[in-house]
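Structural characterization, general
The chain contents come next:
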Amino acid sequence: MFNHGGCHKLTPSNIFDNMSLLDDEEITMDKGDIEVTKCFFRKGASGKMTRTFYPVGHGAFYTERFNDKGGERLLTMVYDCGGRSKDIVTNQIKEAFVYKDIVDWLFISHLHNDHINGVTTLLNHCDVKRIVLPALEDDLIVEALLYNYIETEEFDNDANKFVEQLLIGDFGSTQITQVESFKENSNTPISVVDSESIGDKLASGTKIEEKRINWRYYPINLSSNNSVSIIKKLAEVANVSSSSFYLNGKLDYKKIRDVVKNIDISKVAKIYQGVFGCKHNSYSMPVVSIAAVCLSAKCTRWCHKIGETPMRCLTNCLYTGDFEAKNKFVALQKVFDKLGVDYSKIGILQVPHHGSKHNMDADMYKSGKICIISANSGDKKHPYMLVIQNIQLNSSIPIVVSENESSIQRFLIPLCYV
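Quick look at the structure, then. (Residues numbered from 1 in each chain as written. Predicted model: local features only at pLDDT ≥ 70, side-chain atom pairs only at ≥ 80, totals over all residues. Heavy atoms only, no water.)

Observations regarding the overall build of the protein chain
Stated precisely, the cut-off is as follows: Helix and strand labels come from DSSP, where a helix needs a run of H or I of at least four residues and a strand needs a run of E of at least two; each type is numbered from the N terminus. Burial status follows relative accessibility: with a 1.4 Å probe on protein chains alone, a residue under 20% of its type maximum counts as buried, one over 50% as exposed, and anything between as partly exposed. Any two residues whose heavy atoms approach within 4.5 Å at even a single point are treated as in contact. Shrake-Rupley sampling with a 1.4 Å probe provides the accessible areas, and residues are treated as covered by the protein chains on show and by no other component.
A tally of regular secondary structure across the protein chain gives 12 helices and 21 strands. For the protein chain, the proportion of its 418 residues judged to be buried stands at 57%. Restricting the contact set of the protein chain to residue pairs at least 6 apart, pairs at least 24 apart contribute 74%. Summed over its atoms, the accessible surface of the protein chain is roughly 17,900 Å², and 47% of this surface lies on carbon and sulfur atoms.

Right, dumping it as structure tokens:
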């Protein structure tokens, strides 16, 4: 399945050459299920998806490109668009897309510099139809503004300029959809939304259905908001009132910028650490990318019947950004249960926060997954050795994608569109 060029081709397993297994009455799969499953394992499937993890170092820039049998574009998805430096991610954007290429979905996990410092370039270079990101609550915004300021040592960096644009809401023809925080005790049923009917608000865990490719995306926002504390601390240090940070009931970006730029950066870092500590990644929004057929209970029963995980399960991916798995993976699994997503059917995992030990839950690496880690070469903390060991002990495979171009990872996946 692997070669040294970083390109992987997922092909049908010989166990499925005899498709009579699908005719078992005990499985009772309907005709549509049978045809879809046959197509997934039949040579000469009617199209393919190419999933790429680009070499941007300590950042995140991942794409999925769906094409029909003739090679024509059907759909393009991007998850995060940032990197070790703006130059690195800009080069990769131009390698990935020709000018005015269409991007149907841009999912943004959170608003940290290394995950969004290439978004403006992507918007200028491509025709991005829709951006989906966590709900723009005050806490998310202020945390990101301070984090980006501390990291880059300048307030008006590329990431913060994009945050300002989000607050203004001026993106031309590009639509913005905010994913609301997941309410764990909510009895509201999970809804399925056709991709063409999505609006500017989306409940966390909503199934975004792409009927033309028989695929679904699940953005899951598990963030908790506490904007009062950080605004209060900033106001105390700047000797201004908390209310002065708001204009007509909305967060005043310019006021935050003016106040923060007049505070010594070491004091800003101290304020940030005091409020957020090690939980500064608690806003990162995972997205499940999964073939619709894998959500079928009949399909799961059939997998159990034959006694092994089909190769096509490697088409499914969990993108995590900097998800705080150490404290929230259990909650994420509960969401999966509510959504009817079998975690064992996710074959590719983007390891949270570049392999940081602070974002690790060993249970995340079970079921023999391909684990992609975006990190700088030579970084002694990312990925952390214990993370690598836990991945290997769970019979999963760690693959580090650095800023070195030879580390690019690309998966070619045959698909059937019905």
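What follows continues from the structure just given.
Some points on the pairing of strand β3 (residues 60–68)
Filter applied, for reference: Whether two strands pair comes down to DSSP finding at least two bridges between them.
Burial runs high along β3: 7 of the 9 residues are buried. When strand β2 (residues 47–53) meets β3, the two strands line up antiparallel, connected through 7 bridges. Bridging from a neighbouring strand, T52 pairs with T63 of β3. As consecutive antiparallel partners, β2 and β3 are separated by 6 residues, and within that stretch G57 has a phi angle of approximately 70°, a positive value. Of the strand pairs in this sheet, β3 and strand β4 (residues 73–82) are connected by 8 bridges, and their pairing is antiparallel. Its bridge partner lying in β4, N67 is registered against R73.

As for the side chain of N117
Note the cut-off: Contacts described as polar in this section are N or O atom pairs within 3.5 Å, which, within protein, must combine one atom able to donate a hydrogen with one able to accept it, while residues neighboring in sequence count only if both atoms come from side chains.
Mapping N117 onto the fold places it in the loop between α3 (113–116) and α4 (119–125). Engagement of the side chain of N117 in a polar contact is seen with the backbone nitrogen of G83, the distance being 2.9 Å. Setting aside its immediate chain neighbours within four residues, N117 contacts C81, G82, G83, S85, K86, V89 and D158.

Here's the deal with the environment of N124
Its location among the elements puts N124 in helix α4. Separated by 24 residues in the primary sequence, N124 and K100 place their C-alpha atoms 8.3 Å from one another. For N124, the residues in contact, after removing those within four places along its chain, are Y99 and K100.

Regarding the sheet that holds strand β10 (residues 192–194)
Whenever strands of a sheet pair, they do so through backbone hydrogen bonds, lying parallel or antiparallel. Cut-off, in case you're wondering: Note on method: axes are straight lines fitted to C-alpha atoms, helices fitted across the in-contact stretch only, with angles between N-to-C directions ranging 0 to 180 degrees.
Taken in spatial order, the 8 strands line up as β10-β12-β13-β16-β17-β18-β19-β20 in an open sheet, and their pairing is mixed. Among the strands making up the open sheet, the edge pair consists of β10 and β20 (397–401). Taken pair by pair, the neighbouring strands of this sheet meet at an average axis angle of 20°, ignoring direction.

A few points about unusual backbone geometry
Glycine aside, residues mostly have negative phi angles, and peptide bonds mostly take the trans form. For the bond running from H382 to P383, omega is 0°, close enough to zero to count as cis. You can see P383 is positioned in the loop between β19 (370–374) and α12 (385–393). For E153, which is not glycine, the phi torsion reads 60° and is therefore positive. Turning to its location among the elements, E153 is positioned in the loop between α5 (138–152) and α6 (158–168). Relative accessible area serves as the criterion here: at 64%, E153 is assigned to the exposed category. Although it is not a glycine, N239 sits at a positive phi angle of roughly 60°. Structurally, N239 is set in the loop between α7 (227–238) and β14 (246–247).

Some details on the side chain of T121
Here T121 shows up in helix α4. Dropping the residues within four chain positions of it, T121 is found in contact with K86, T90 and I93.

Some points on the pattern of salt bridges
What counts here: Put simply, a salt bridge is a Lys or Arg side-chain nitrogen that is within 4 Å of an Asp or Glu carboxyl oxygen.
This model, assessed by the stated rule, comprises 12 salt bridges. A salt bridge links K86 to D158; the shortest N-O distance between them is 3.3 Å. Of this pair, K86 sits in helix α2 (residues 86–96) while D158 sits in helix α6, and the two are 72 residues apart along the sequence. Residue classification places K86 among the partly exposed residues on the basis of a relative accessible area of 35%. Here R216 makes a salt bridge to E209, at a shortest N to O gap of 3.1 Å. The same class applies to R216 as to E209, namely buried.

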